[in-house]
Amino acid sequence: MAPTKKRNVSLAKTTEKHAKVAKIDLNNKLEKILESRKHANDVFDVLEVLESEKEKSIISAVDACSKLFCTLLERKELFMGKLPEEDDALCGAYSPEEKYHIFMRHRYNSCVEMLLEHLSHELYGVKESSLCCLMKFAAAEGQHPLEDLDWSEHYSFPRQLIQAVMDRLLSKTADNSLLISRFQEFLGLEDVRYYVMSSIRENVGRVMEKNKGAVMPVYQSNVFTLMSNISVPSQESELTNFMVKQGAKHEDWKAAKLLEHKRTFERMWLGFLKYKLPGNMYKKVLVILHDAILPHMSKPTLMIDFLTAAYDVGGAISLLALNGLFVLIHQHNLDYPDFYKKLYNLLEPSVFHVKYRARFFHLANLFLSSSHLPVYLVAAFAKRLARLALTAPPTALLIVLPFIYNLIRRHPSCRVLIHRPSAGDELLEDPYLMDEEDPAQCRALESSLWEIKTLQKHYHPDVAKAAMLINTPLSEQEDDISEVLEITTFELMERDLKQSQLKNIPLEFETATQLLKEGGDVLGQHFCLG
């Protein structure tokens with residue numbers, strides 16, 4: 001075993017030595033190419049290493065290409081304008097200077113194509129170095145354009161190169177979330193962000209139309225990951241960090257206008273959301289919609305169709321759509337005639353167990369905070385919550401009970417649900433219609449909150465204590481439910497254990513005296529020890 005181990009170490013040292021030699025050789029070739037045009041053909045050797053199978057060799061070649069072509073761009077030694085075919089250039093009436101520029105421009109194009117291919121490489125190190133090199137090329141092209149135009153009338157941003165990078169990042173088959181997160185640092189540049197948004201919109205339209213709008217989970221996940229990292233500044237004075245400096249004569253450049261950024265941001269998201277999304281993607285979009293998308297749009301009301309459609313889906317998606325609808329209703333005067341009816345029907349047993357329970361009750365509290373709501377509507381919400389409370393877990397009940405009390409405090413006419421002076425004998429049957437979808441027809445005002453009276457016998461002392469409050473006149477001060485919105489069962493148990501001074505905590509109503517036998521002898525009736 002020892003000789004084999006020694007041989008492996010020897011091979012590793014040899015490989016490392018070869019890598020160092022290759023790096024030195026690349027640096028030597030790079031220096032020669034930049035020093036004298038007679039060594040121009042050495043660029044083929046650099047590009048050959050770029051196609052190597054070894055990660056270190058590829059990364060060394062990427063660094064060499066970055067230095068080489070950025071220097072050539074700065075020197076203006078790449079052909080500018082419409083590039084002729086290389087064979088035509090050799091036979092055509094071009095000067096030696098022009099032939100050299102054409103030759104190097106073709107090598108540059110080949111290098112860019114290889115780097116774009118490497119964005120799909122299996123090794124992340126290769127993908128990352130290739131991405132950074134391409135963005136260096138983009139910056140160099142912006143400062144030293146490849147097109148010989150009158151720049152007093154045109155802008156010099158390398159949009160085609162950015163579009164090509166986007167086409168690779170937004171893969172249809174590979175999850176590029178890690179590489180996209182690396183690309184995020186470039187989104188801090190105003191002009192890069194602007195043209196990235198335009199490129200995403202064009203890419204999504206082209207790809208989704210080609211696939212006839214069918215769901216593409218991997219592709220749409222890549223698009224969402226990239227878009228969710230994009231935010232637009234709130235003020236135009238914040239647009240100061242550009243990759244390409246255009247100068248004062250380009251003050252009308254769209255990438256320098258905040259309104260254009262918002263319009264492009266808006267078109268990008270609308271173009272993405274008009275196609276069918278995977279189920280989990282709806283949730284991801286709705287989670288960030290109210291604070292990461294709507295504030296950056298020039299016309300947030302364009303999201304009305306998407307939000308109302310999501311609100312009608314049901315379940316967790318409807319709960320999440322509430323946030324966006326809240327913004328549109330309160331800040332943009334959205335009129336949603338059946339909003340409260342839909343909100344009422346979202347109150348189902350599952351609402352106490354979903355991941356977004358705290359967000360739902362926070363928003364429901366806001367929607368029901370107006371003192372101008374009709375009494376029948378508030379009574380319907382209070383009664384439905386009380387009925388659902390009969391099967392809710394303790395953590396949910398510590399939210400629901402103060403919630404109901406707050407509704408009654410805001411609307412004193414609802415106190416009839418607690419005490420009805422004109423009533424004679426107790427009602428033999430509850431007139432409330434739990435299955436009625438219209439809160440105006442559910443007859444809640446004819447009923448009472450007997451469910452809360454039932455909860456006074458709840459096994460959890462905190463719930464029983466909260467339910468007891470209905471026996472006394474409610475204070476004018478509303479309860480702050482924000483403190484209990486995020487409470488979990490674990491936190492509730494931890495709190496109880498810390499508060500308890502008892503050494504022996506009762507876990508059962510009747511103490512067991514022996515195995516498989518206790519007071520009611522239920523276990524003994526159904527199980528026996530063999």
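The model shown is predicted, which means the values in this text are computed figures rather than measured ones.

A. A look at the overall build of the protein. On a plain count of helices and strands, the protein comes out with 22 helices and zero strands. Of all 530 residues assigned to the protein, the portion counted as buried reaches 45%. Sequence-distant contacts in the protein: of pairs separated by 6 or more residues, those separated by 24 or more amount to 72%. For the protein, the exposed surface amounts to about 29100 Å²; the carbon and sulfur share of it is 52%.

B. Region of the structure containing the pattern of salt bridges. Inspection of the entire model under this criterion finds 18 salt bridges. Between Glu190 and Arg193 there is a salt bridge, with the nearest N and O atoms lying 2.3 Å from each other. Residue Glu190 and its partner Arg193 are located together in helix 9 (residues 190–210), separated by three residues, close to a single helical turn. For Glu190, a relative accessible area of 4% puts it in the buried group.

C. Expanded view of helix 12 (residues 279–293). Along helix 12, the helix axis deviates most sharply at Val287, where the bend reaches about 35°. Residues of helix 12 that are buried include every one of Met281, Val285, Leu286, Ile288, Leu289 and Ile293, and no others. Against the buried residues of helix 12 lie helix 10 (217–227), helix 11 (258–273), helix 13 (304–311), helix 14 (315–331) and helix 16 (357–367).

D. The packing of helix 12 against helix 14, seen in detail. Here helix 12 crosses helix 14 at 25°, and the two axes come no closer than 8 Å. Here helix 14 runs roughly parallel to helix 12, going by the angle between their axes. Where helix 12 crosses over helix 14, the handedness of that crossing is left-handed. For the pair helix 12 and helix 14, contact is made by Gly279, Tyr282, Lys283, Leu286, Val287, Leu289 and His290 and by Ala316, Ile317, Leu320, Ala321, Asn323, Gly324 and Val327, respectively. Classifying every residue of the contact of helix 12 with helix 14 by side-chain character gives nine nonpolar, four polar and one charged.

E. Inspection of the nonpolar core at higher detail. Counting residues in hydrophobic clusters, the biggest one holds 163 residues, and the most contacted among them are Phe183, Ile200 and Trp269. No other element matches helix 18 (residues 394–410), which puts 11 residues into this core. Beyond its immediate chain neighbours, meaning those up to four positions away, Phe183 contacts Leu131, Met135, Met166, Leu169, Val192, Val196 and Leu226.

F. Up close: the packing of aromatic side chains. Scanning the entire structure with this criterion turns up 21 aromatic pairs. For the ring pair Tyr311 and Tyr336, a centre distance of 5.6 Å and an interplane angle of 80° mean the geometry is edge-to-face. Here Tyr311 is found in helix 13, whereas its partner Tyr336 is found in the loop between helix 14 and helix 15 (339–345), with 25 residues between them in sequence. Accessibility classification places Tyr311 together with Tyr336 in one group, the buried group. One aromatic cluster is present, built from ring pairs that chain together Tyr311, Phe326, Tyr336, Phe339, Tyr340 and Phe367. Directly above the ring of Phe103 sits Arg107, whose terminal nitrogen or CZ lies 4.8 Å from the centroid. Here Arg384 stacks its cationic end above the ring of Tyr344, 4.7 Å away from the centre of that ring.

G. Fine view of helix 6 (residues 124–143). The end-to-end C-alpha distance of helix 6, which contains 20 residues, comes to 29 Å, matching closely the 28 Å that a straight helix rising 1.5 Å per residue would cover. For helix 6, the tally of buried residues reaches 15 of 20 residues, placing the bulk of the element in the interior.

H. Main features of unusual backbone geometry. Of note in this structure, Lys76 is not a glycine but carries a positive phi near 60°. Structurally, Lys76 is set in the loop between helix 3 (55–75) and helix 4 (86–91). With relative accessibility at 45%, the residue Lys76 sits in the partly exposed group. Even without being glycine, Asn333 reaches a positive phi, approximately 55°. Note on placement: Asn333 falls in the loop between helix 14 and helix 15. On the basis of relative accessible area, Asn333 is assigned to the exposed category, the value being 70%.

I. Spatial organisation of the state of the cysteines. Evaluated as defined, the whole model comprises zero disulfides. With no disulfide of its own, Cys111 lies closest to Cys65 among cysteine sulfurs, the gap being 3.7 Å. Classification of Cys111 by relative accessible area gives buried; the value is 0%.

J. Local environment of the environment of Leu347. As for its placement among the helices and strands, Leu347 is situated in the loop between helix 15 and helix 16. Judged by its relative accessible area of 3%, Leu347 is buried. Taking C-alpha positions, Leu347 is 7.3 Å from Leu385, a pair spaced 38 residues apart along the chain. In contact with Leu347, other than residues within four places in its own chain, are Phe360, Phe381, Arg384, Leu385 and Leu388.

K. Up close: the environment of Pro393. With respect to the helices and strands, Pro393 occurs in the loop between helix 17 (375–389) and helix 18. In this structure, the C-alpha to C-alpha distance between Pro393 and Phe352, residues 41 residues apart in sequence, is 7.6 Å. Discounting residues that sit within four places of it in the chain, Pro393 has contacts with Phe352 and His353.

L. How the structure looks around the packing of helix 9 against helix 10. Close contact between helix 9 and helix 10 brings their axes to 11 Å; oriented N to C, the two are set at 165°. With respect to their mutual orientation, helix 9 and helix 10 come out roughly antiparallel. Along this stretch, helix 9 crosses helix 10, giving a crossing that reads as left-handed. Residue-level contacts link Val196, Ile200, Asn203, Val204, Val207 and Met208 of helix 9 to Tyr219, Gln220, Val223, Leu226 and Met227 of helix 10.

M. Main features of the side chain of Ser199. Relative to the assigned elements, Ser199 resides in helix 9. Among the polar contacts made by the side chain of Ser199, one reaches the side chain of Gln163 at a distance of 3.4 Å. Ignoring any residue separated from it by four or fewer positions in sequence, one finds Ser199 in contact with Ile162, Gln163 and Met166.

N. Layout of the side chain of Glu260. Within the fold, Glu260 resides in helix 11. On the basis of relative accessibility, which here comes to 15%, the residue Glu260 falls in the buried class. Not counting residues up to four positions away in its chain, the partners in contact with Glu260 are Tyr194 and Lys254.

Quick notes on the rules
Residues numbered from 1 in each chain as written. Predicted model: local features only at pLDDT ≥ 70, side-chain atom pairs only at ≥ 80, totals over all residues. Heavy atoms only, no water. Helix = DSSP H or I, 4+ residues; strand = E, 2+ residues; numbered from the N terminus. Buried < 20%, exposed > 50% of the residue type's maximum accessible area, 1.4 Å probe, protein only. Contact = heavy atoms within 4.5 Å. Areas by Shrake-Rupley, 256 points an atom, 1.4 Å probe, with all protein chains shown as cover. Salt bridge = Lys/Arg side-chain N within 4 Å of Asp/Glu carboxyl O. Bend = angle between axes of the 7 residues up to and from the residue. Axes fitted to C-alpha atoms, helices over the stretch in contact; angles between N-to-C directions. Parallel < 35°, antiparallel > 145°, perpendicular 65-115°, else oblique. Left-handed = near helix turned anticlockwise from the far one by under 90°. Nonpolar A, V, L, I, M, F, W, Y, C, P; charged D, E, K, R; others polar. Core = buried A, V, L, I, M, F, W, Y, C linked by side-chain atoms within 4.5 Å. Phe/Tyr/Trp six-rings, centres within 6.5 Å; stacked < 30°, edge-to-face > 60°. Lys NZ or Arg CZ within 6 Å of the ring centre and 35° of its normal. Expected span 1.5 Å × (residues − 1). Disulfide = S-S within 2.5 Å. Polar contact = N/O pair within 3.5 Å; in protein donor to acceptor, adjacent residues only side chain to side chain.

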